[in-house]
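Notes for the structure review
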Amino acid sequence: MSVLLDIQGLSKSYPGVKANDDVSFQIQEGEIHALLGENGAGKSTLVKMIYGLVRPDSGTMVLNGEKFAPPKPFFARQKGVSMVFQHFSLFEALTVAENITLGMDVAPNRKELSAQIRKVSNEYGLPLDPDRLIGDLSVGERQRVEIIRCLLQDPRLLIMDEPTSVLTPQEVDTLFGTLRKLSENGVAILYISHKLDEIKALCDHATVLRMGKVVDTCIPANETARSMAEMMIGGELEIHAATEFTPGAEALRVEDLNLASKDPFGTSLKNVSFTLRKGEILGIGGVAGNGQDEILAALSGEEKVTPETILLGGKAIGGDGPNARREKGLLSAPEERLGHAAAPMMTLTQNAFLTGRIRKNLAPNGVINHRKTTGFAEEIVKKFDVRTPGVHVAAKALSGGNLQKFVIGREVLQSPEVLVVNQPTWGVDAAAAASIRQALRQLAVSGAAVIVISQDLDELMEISDTFAVLAEGRLSKPQPSDGLSIEEIGLMMGGDLEVANHVDA
Amino acid sequence: MDFSSLNAVAMIVLLIGAATPILLAAIGELVVEKSGVLNLGVEGMMIIGAVTGFIAATTTGSPMLGFVGGAIGGAVVSMLFAFLTQYLLSNQVATGLALTMFGLGMAALIGRNYNGIKPPRAERLDVPGLSDFPILGELLFSHDPIIYFSIVLVFAVWWFLNRSRAGLVLRACGENHDAAHSLGYNVQLIRFGAIMFGGACAGLGGAYVSLIRVPQWTEGMTAGVGWIALAIVVFASWKPWRVILGAYMFGGITILQLSLQALGISISGAYLSMTPYVVTIVVLVIMSADRKRASLNAPACLGRSFHASH
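Just so we're clear, the structure is a prediction, and the values are computed from it rather than from any experiment.

A few words now on the overall build of chain A. Scanning chain A for helices and strands turns up 17 helices and 21 strands. Compactness check: chain A gives a C-alpha radius of gyration of 23 Å against a globular reference of 23 Å for 505 residues, within 12% of the reference. In terms of overall dimensions, chain A has C-alpha extents of about 70 × 50 × 40 Å along its principal axes. Taking all 505 residues of chain A together, the buried fraction comes to 56%. The long-range share in chain A, meaning contacts at least 24 apart out of those at least 6 apart in sequence, stands at 65%. Approximately 20700 Å² of chain A is accessible, and the part contributed by carbon and sulfur atoms is 49%.

Written out as structure tokens, the structure is:
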């Protein structure tokens, strides 16, 4: 094996932050190389420099023995560097073939391209129909589109940013098969993920970043997930054991909830029923796009439903809007941090006010009590270890993980009776994720009921007392999380309700 | 009531004439909206096109140069909108409304010495033999060249959007500008070009009003045609062929109400004059009723400003 990409002393600064500081490492041909680090450690900036989206301040890269300094992604792609983004750059209203054409610099005509797509997708075990609309595809299938778009350009290096965070276990297996095949064919893969078990199973080498610097390298197969996590945070990882679950009185009951999705590519909810007791954490698993956004909207009050279908402490609240529900103790934190859970251009104080007004009584007589609101925002920042220069900064200036801590903290500190969270740790590093889970756990211990909607099965298994799966808008019957195997859950997520019923019985 | 004076063939010819300015403006706006930009200044660009086209035609004595002048006039004012919205990131709705008001005022100022002048006449197509053919000759071979051009233009736009790579890139910008940017496309430049094309089409439509439809220059002579064109883009669900349908339907209702007024029907003229507009509103309500379908066809980034974050 010879060196494919040699990175020497790469640095990049943004106002106030050194995103990358003298980063050096090498990627061999055909190797699967992991890039590890907490949120804000500088992984994204680093790969953006390799892909030509960001230009380094100093340092050099050598690709295949040639100096490599792509001013634009176009040049990177020409040299054989491709990237699959965490947030796909796909166009929902266009077909698979059209999406792939757009990502190629020299595209063959339609027929030829369709034939190529079919050929490559079968070769690597990623079946795809070129004529389908992206909007009709599952998340796993969308990722295939991105991967095939890259593969059609014969890459030498494939960069993958958090590729498995939204896949079912079976889809992850398929993806790993594809990646191993690619690696056998000599394609190097730079793999970014928070899931250390996956890195252990898949990657040949790992480079660990902390605060923009390379702090360690390792061979993942010789490490444990815990030891790698400690390299990332540079200290001991605190893992809190699950506490004993003693269910209390009924907190929330949902009966036969139906909701037609407003999104043309969304999933409608069909006869969703469950009961949630005080002190219980219900984990709702399932592949994204199976009704998660809709169930959050129905529970938060963004979508009003028949009053009797949602009962909070025995009272019908289905017809109430979000504020009325907040007043009664049903709080929620949606998945999309910027634009849904928080207003990007508003300060943390203002964002704290937006959901805390009623329960924290921040605006008595309709006038904002500024001191009290600032105090509330500062309390969130302090108790949830939100790293920010102050509460006066705009929400969008925070990194994803920090904003997520703020969003969850804001709801937890309003002492809800029932809290609904969607993807509480999406894109959040291990240490922050652990502290968010701990906060939710404590909330449940104090007597509140919590619903965690997530695609991260390990997370659901760790945190939830009871577990249900959302598949095509239907919710399986919640059952104790103990004794469920990941395989069974994976099949349920794929929509196999027979397994669900079997597990049920 | 005596309907015998309504000559069907003559009415269709009139209908096509009434529909053409709408068709031109609407097909231009369709391209603009497909790129993700909502330009509400169609009316303003049309009136500018009407006056610059009129001036170009009367000064040079050539109606064809008049049409070229109208298209250039429309394109130039649209650049103002493009610069403000694409590079200074101003709000598209507010800027579009301002463009309409600016255009109306500006056109009145430029055209104040041209009131009451007759422009040179545009020759109609006259194919010996074919044009004299009864009915069909009159229907198909007796129009002015711009009418044929407008039909060809619709076909060209359809081909561009659905068959060419450049058209696909333009649609991609309208669907998801962040993704288009991350793939390395210059969203601002593409939108700038689309806005200019829309301006040229609206200007051409305006020149058609002042050179053929009326033909003379008076202030505010486009009389809301630009707004109708905007509505027709929605009516057509952003599909070029349906723009023809919408424009001709609107033209038909306009001509029909004029004919009914001429017949002296006992309904007040005011009600008849408002029918085309009322019908447009009703059709829009029906089209928008099914939110799912409407949002499926609309470009997902329509009206949203794009700012590259890296």
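Additional details are given in the paragraphs that follow.
As a further point, take the overall build of chain B. Along chain B, the regular secondary structure elements total 13 helices and 0 strands. For chain B, the sequential pattern of α-helices and β-strands runs α-α-α-α-α-α-α-α-α-α-α-α-α. In summary, chain B has a C-alpha radius of gyration of 20 Å against a globular reference of 19 Å for 310 residues, a match within 12%. Structurally, chain B occupies a C-alpha span of about 65 × 45 × 40 Å along its principal axes. Residues classed as buried in chain B amount to 51% of the 310 residues present. Relative to all contacts within chain B whose residues are 6 or more apart in sequence, the contacts with residues 24 or more apart total 78%. Total accessible area computed for chain B in this model is approximately 13500 Å², and 70% of it derives from carbon and sulfur atoms. Taking the 16 positively charged and 13 negatively charged side chains of chain B as two groups, their mean positions are separated by 11 Å.

Sheet strands line up and pair through hydrogen bonds in the backbone, either parallel or antiparallel. All names here are of chain A. The mixed open sheet is built from 6 strands, whose spatial order is E6-E7-E8-E3-E9-E10. Two strands lie at the open edges of the sheet, namely strand E6 (81-84) and strand E10 (213-218), each paired on one side alone. The sheet shows a mean angle of 20 degrees between the axes of neighbouring strands, taken without regard to direction. For strand E3 (residues 32-36) and strand E8 (residues 188-192), the ladder comprises 4 bridges, and the chain directions are parallel. Its bridge partner being in E8, Ala 34 is matched across the sheet by Tyr 191. Across the sheet, helix H6 (residues 169-184) lies against E3, strand E7 (157-161) and E8, angled at about 145 degrees from E8, the strand it touches most.

A word on the sheet that holds strand E12 (residues 269-277) of chain A. Residue and element names in this part refer to chain A. Read across the open sheet, the 4 strands follow the order E12-E11-E14-E15; overall the sheet is antiparallel. Every other strand in the sheet has two partners, leaving E12 and strand E15 (315-316) as the edge strands with one partner each. Bridge count for strand E11 (residues 250-259) against E12 is 6 bridges, and the pairing is antiparallel. Each residue of the ladder has a partner; that of Glu 250, found in E12, is Arg 277.

Before going further, it helps to examine helix H13 (residues 400-412) of chain A. All names here are of chain A. Compared with an ideal rise of 1.5 Å per residue, which puts 13 residues at 18 Å, H13 spans 18 Å between its outermost C-alpha atoms and is within 8% of the ideal. Where burial is concerned, most of H13 is hidden: 12 out of the 13 residues are buried. For H13, the full list of buried residues reads Gly 401, Asn 402, Leu 403, Gln 404, Lys 405, Phe 406, Val 407, Ile 408, Gly 409, Arg 410, Glu 411 and Val 412. On its buried side, H13 packs onto helix H10 (322-328), strand E16 (330-333), helix H11 (348-356), helix H12 (370-383), strand E17 (418-422) and helix H14 (430-445).

Let us look at the domain arrangement of chain A. Its domain assignment divides chain A into domain 1 (3-233) and domain 2 (250-504). Using C-alpha coordinates to define each centre, domain 1 of chain A is positioned 31 Å away from domain 2 of chain A.

What follows deals with helix H4 (residues 110-123) of chain A. All names here are of chain A. With 14 residues, H4 should reach 20 Å at 1.5 Å per residue; the first-to-last C-alpha distance of 20 Å fits that figure. Of all the residues in H4, the buried ones are Leu 113, Ser 114, Ile 117, Val 120 and Ser 121. Angularly, the buried residues of H4 cover 140 degrees about the axis, an arc narrow enough to put them on a single face. Exposed side chains of H4 directed beyond 90 degrees from the buried face belong to Lys 111, Lys 119 and Asn 122. As for H4, its buried residues are in contact with helix H3 (96-102) and helix H5 (139-151).

On to the packing of aromatic side chains, then. The geometry of an aromatic ring pair is captured by two quantities: the separation of the ring centres and the angle between the planes. Residues and elements named next belong to chain B. Per the stated rule, a full pass over the model turns up 8 aromatic pairs over all chains. With a centroid separation of 6.5 Å and an interplanar angle of 90 degrees, the aromatic rings of Phe 54 and Tyr 114 are classed as edge-to-face. Linking Phe 54 in helix H2 (residues 42-60) with Tyr 114 in the loop between helix H4 (92-110) and helix H5 (136-140), this pair joins segments that are 60 residues apart in sequence. Overall, the relative accessible area of 22% leaves Tyr 114 in the partly exposed class. Chaining the aromatic ring pairs together yields one cluster made of Phe 83, Tyr 87 and Phe 192.

With that settled, consider the side chain of A:Ser261. Assignment of secondary structure puts A:Ser261 in the loop between E11 and E12. Polar side-chain contacts of A:Ser261 include one of 2.8 Å to the side chain of A:Glu294.

Parameters and conventions
Residues numbered from 1 in each chain as written. Chains lettered and ligands numbered in written order. Predicted model: local features only at pLDDT ≥ 70, side-chain atom pairs only at ≥ 80, totals over all residues. Heavy atoms only, no water. Helix = DSSP H or I, 4+ residues; strand = E, 2+ residues; numbered from the N terminus. Rg over C-alpha atoms; globule rule 2.2 N^0.38 Å. Buried < 20%, exposed > 50% of the residue type's maximum accessible area, 1.4 Å probe, protein only. Contact = heavy atoms within 4.5 Å. Areas by Shrake-Rupley, 256 points an atom, 1.4 Å probe, with all protein chains shown as cover. Lys, Arg positive; Asp, Glu negative; His and termini not counted. Charge placed at Lys NZ, Arg CZ, Asp CG, Glu CD. Pairing = 2+ DSSP bridges. Axes fitted to C-alpha atoms, helices over the stretch in contact; angles between N-to-C directions. Expected span 1.5 Å × (residues − 1). Domains from an automatic or database assignment. Arc of directions from axis to C-beta. Phe/Tyr/Trp six-rings, centres within 6.5 Å; stacked < 30°, edge-to-face > 60°. Polar contact = N/O pair within 3.5 Å; in protein donor to acceptor, adjacent residues only side chain to side chain.

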